[in-house]
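Listed below, chain by chain, are the residues.
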Amino acid sequence: NLVLLRSYGVASPERLVCAWPQVLTLSRDSKIRPNVRFLLEEVRVPQEALGKVLSKKPQILGYSIENKLRPAVEFLTREMHVPGARLAESSWRFHRCSPTPSRGG
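Note that this is a predicted model, so its numbers are computed, not measured.

A. Focus on the packing of helix α3 (residues 28–42) against helix α5 (residues 65–79). α5 packs onto α3 with a crossing angle of 20 degrees between their chain directions and a minimal axis gap of 12 Å. When the interaxial angle is binned, α3 and α5 end up roughly parallel. As α3 runs across α5, the sense of the crossing is right-handed. Residue-level inspection shows Pro34, Asn35, Phe38 and Glu42 of α3 in contact with α5, the latter providing Ile65, Leu69, Arg70 and Val73. Class assignment of the residues belonging to the contact of α3 with α5 gives a composition of five nonpolar, one polar and two charged.

B. Examining the nonpolar core more closely. Core analysis: the largest hydrophobic core is formed by 24 residues, its most contacted members being Tyr8, Val23, Ile32, Val36, Leu39, Leu54 and Leu61. When residues of this core are traced back to their parent elements, those giving at least two are α1 (2–7), α2 (13–19), α3, α4 (47–56) and α5. Here the element with the most residues in this core is α3; it accounts for four residues. When near neighbours in sequence (up to four residues on either side) are disregarded, Val36 contacts Tyr8, Leu50, Leu54 and Leu61.

C. Summary view of the packing of aromatic side chains. Under the counting rule described, the total for this entry stands at zero aromatic pairs. Positioned over the ring face of Tyr63 is Lys68, at 5.1 Å from the centre of the ring.

D. Representation of α5. By the largest-angle criterion, Pro71 marks the main kink of α5, which is about 25 degrees. Those residues of α5 lying buried are Ile65, Leu69, Ala72, Val73, Phe75 and Leu76. N-cap assignment for α5: the residue whose side-chain oxygen lies 3.4 Å from the backbone N of Glu66 is Ser64. Where α5 ends, the next residue or the one after it, His81, has phi of about 55 degrees, a positive value.

E. Main features of the environment of Ile65. With respect to the helices, strands and loops of the structure, Ile65 is situated in helix α5. A C-alpha to C-alpha distance of 9.8 Å links Ile65 and Leu39, two positions 26 residues apart in sequence. What Ile65 contacts, discounting residues up to four positions off in sequence, is Pro34, Asn35, Phe38, Arg70 and Pro71.

Reading the values: rules and limits
- Residues numbered from 1 in each chain as written.
- Predicted model: local features only at pLDDT ≥ 70, side-chain atom pairs only at ≥ 80, totals over all residues.
- Heavy atoms only, no water.
- Axes fitted to C-alpha atoms, helices over the stretch in contact; angles between N-to-C directions.
- Helix = DSSP H or I, 4+ residues; strand = E, 2+ residues; numbered from the N terminus.
- Parallel < 35°, antiparallel > 145°, perpendicular 65-115°, else oblique.
- Left-handed = near helix turned anticlockwise from the far one by under 90°.
- Contact = heavy atoms within 4.5 Å.
- Nonpolar A, V, L, I, M, F, W, Y, C, P; charged D, E, K, R; others polar.
- Core = buried A, V, L, I, M, F, W, Y, C linked by side-chain atoms within 4.5 Å.
- Buried < 20%, exposed > 50% of the residue type's maximum accessible area, 1.4 Å probe, protein only.
- Phe/Tyr/Trp six-rings, centres within 6.5 Å; stacked < 30°, edge-to-face > 60°.
- Lys NZ or Arg CZ within 6 Å of the ring centre and 35° of its normal.
- Bend = angle between axes of the 7 residues up to and from the residue.
- Polar contact = N/O pair within 3.5 Å; in protein donor to acceptor, adjacent residues only side chain to side chain.

Dropping the structure here:
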């Protein structure tokens, strides 16, 4: 997985592993590649920014596309009216973005 991460532009895969060791347990074919493809094709993260995005939030690689990534993107674009291009430019912080409205207040 370290070689694959480096191929995606992660400057220091070793540092990423120190920050989130679970990345070593992820399947290349069923988790890493589909999530990277989602970021590049559906979110339109520029290829040159991909390594930085993954370095800042490596947990993105382990998120479910259907249960976490796509609902978060839909929430941000539909409910918060964040343009798709703006999503690609921003630093991804899905753990702070809830795709469901908060209860109360």
